[in-house]
Amino acid sequence: GAPEPIVIDKVNPADRPDTTVEQIVDDMVAQGAQLIFATSDDMKDGTREAAVLHPQVKFVHVSGDDVLTGKAPPNLSNVMGRMEYGKMIAGFAAGMTTRTGKIGYLGPLINEETRRLAACCYLGARYAWEKERGKAPEDLSFQVTWIGFWFNIPGVTADPTQVALNFYNTGYDVVLSGIDTTEAVVVATQKQKKGKKVWAVPYDYIGACTGGADVCLGVPYFNWGPGYVSFVKASMEGKWVSKWVWLGPDWKDINNTDTSTVGFITGPALSSSAKAALDKFIKDLGTGKAELFKGPLYYQDGTVFLKDGEVATDKQIWYIKQLLKGMDGQSSAK
């Protein structure tokens, strides 16, 4: 028969401070689980330890890199979507739309993943600003403000509503969200009702524009189905190999739910001219005509990230050390 899923929601430190990944895995294995997906970056260590303790069970850690670093036991694989492309598209939409040249980025916690996603938004915005609109790079301001987690935890994180308000109150007219909740859209909608020309680009949830038709430029989202299916099949057919997989969009149709791990739904507030430019940009990303990770690119402190003409490898992008030159905001949590 078909495999029976066992789903345990909200396994994160905010919701379950006293529970470890290993405890939850032990419970799932006791219920007969043979393949376990761990779906958060902060489960990396727990998933690896659980995989070592249960060598007969297969594990897929979403977003991790244990296979890359050689720390993974043979029953552990990693999968991630190339959201970098979704974020370039999001940044491009922001860069086409901004009237003030001031774009805000509402960031979660700071790690390699969130740094590279913020950097991709910036690269997309800069590409639209310079290449499509012919404007001077020094007239584009891109500010990253981190709240400290993927969503608001009162008393622990900065309040994303307040961060969004600060952006819109100081001349930033587009806020790109890197967090899992919709504060940017909600605040932008309130401002728009008061007559301010502002926009937002939420993140991660395909329905995030709902209720924000006047401000939402679109949303990049993950679609885990295609990636998960391949691991389930490999596990069932006895063809399992431990691997690190970074799955991109299906460039023929980035919103094809059967084939594309990363998509972008255009928002109602994106102008028709910006949408036409965006469609062309997506096409150019797919063919490699638009190669945003090509040098010269510098880190925030002025050191070289990519030399002139050098195209980044997957590892260089994955392990990005700082935000890029041209971006304002913290590069590390220290």
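In what follows, the structure referred to is the one given above.
Source: prediction; values computed, not measured.

(A) View of the state of the cysteines. Within this structure, the stated rule accounts for one disulfide. Between the sulfur atoms of C209 and its disulfide mate C216 the distance is 2.0 Å. Because the torsion about its S-S bond is -55°, the bridge between C209 and C216 counts as left-handed. On the basis of relative accessibility, which here comes to 13%, the residue C209 falls in the buried class. With no disulfide of its own, C120 has C121 as its nearest cysteine by sulfur position, at a separation of 7.4 Å. A residue is classified by how much of its surface remains accessible, and C120, at 0% relative accessible area, is buried.

(B) View of the pairing of strand β6 (residues 174-177). Judged by which residues are buried, β6 turns out to be covered on both faces: V174 and L176 on one side and V175 and S177 on the other are all buried. Bridge count between strand β4 (residues 102-107) and β6: four bridges; the pairing is parallel. In the strand pairing of β6, L106 is matched with S177. As for the winding sense of the linkage, the β-α-β connection from β6 through helix α7 (residues 183-193) to strand β7 (residues 199-201) is right-handed.

(C) Here's a closer look at the packing of helix α6 (residues 160-169) against α7. Viewed as axis vectors pointing N to C, α6 and α7 meet at an angle of 45°, and their least axial separation amounts to 9 Å. On the basis of the axis angle, α6 is oblique to α7. As α6 packs across α7, the resulting crossing turns out to be right-handed. Taken together, the residues of α7 that come into contact with α6 (itself represented by P160, T161, A164, L165, Y168 and N169) are E183, A184, V187, A188 and K191.

(D) How the structure looks around the nonpolar core. With 64 residues, the main nonpolar core has F142, L176, F293, L324 and M327 as its most contacted residues. With ten residues, the top contributor of residues to this core is helix α5 (residues 112-132). Residues contacting F142, with those up to four places away along its chain left out, are I103, Y105, A118, C121, Y122, A125, L176, G326, M327 and D328. V175, A184, A188 and A200 belong to the second-largest nonpolar core, a separate cluster that totals 16 residues.

(E) Quick look at the packing of helix α4 (residues 83-97) against α5. Running from N to C, α4 and α5 point in directions that differ by 40°, and their axes come no closer than 6 Å. For the element pair α4 / α5, the angle class is oblique. Relative to α5, the crossing made by α4 is right-handed. Contact with α4, carried on its side by M83, E84, K87, M88, G91, F92, G95 and M96, involves R116, L117, C120, C121, G124, A125, Y127, A128, W129 and E132 of α5 and no other residues of that element. Across the contact of α4 with α5, the residue classes tally to eleven nonpolar, three polar and four charged.

(F) Inspection of the environment of K289 at higher detail. Tracing the backbone through its elements, the reader meets K289 in the loop between α9 (272-287) and β11 (297-298). Among the residues examined, K289 registers a relative accessible area of 63% and is labelled exposed. Separated by 254 residues in sequence, K289 and L35 place their C-alpha atoms 39 Å apart.

Rules used in this analysis
- Residues numbered from 1 in each chain as written.
- Predicted model: local features only at pLDDT ≥ 70, side-chain atom pairs only at ≥ 80, totals over all residues.
- Heavy atoms only, no water.
- Disulfide = S-S within 2.5 Å.
- Buried < 20%, exposed > 50% of the residue type's maximum accessible area, 1.4 Å probe, protein only.
- Helix = DSSP H or I, 4+ residues; strand = E, 2+ residues; numbered from the N terminus.
- Pairing = 2+ DSSP bridges.
- Right-handed = clockwise from strand over helix to strand, strands pointing away.
- Axes fitted to C-alpha atoms, helices over the stretch in contact; angles between N-to-C directions.
- Parallel < 35°, antiparallel > 145°, perpendicular 65-115°, else oblique.
- Left-handed = near helix turned anticlockwise from the far one by under 90°.
- Contact = heavy atoms within 4.5 Å.
- Core = buried A, V, L, I, M, F, W, Y, C linked by side-chain atoms within 4.5 Å.
- Nonpolar A, V, L, I, M, F, W, Y, C, P; charged D, E, K, R; others polar.

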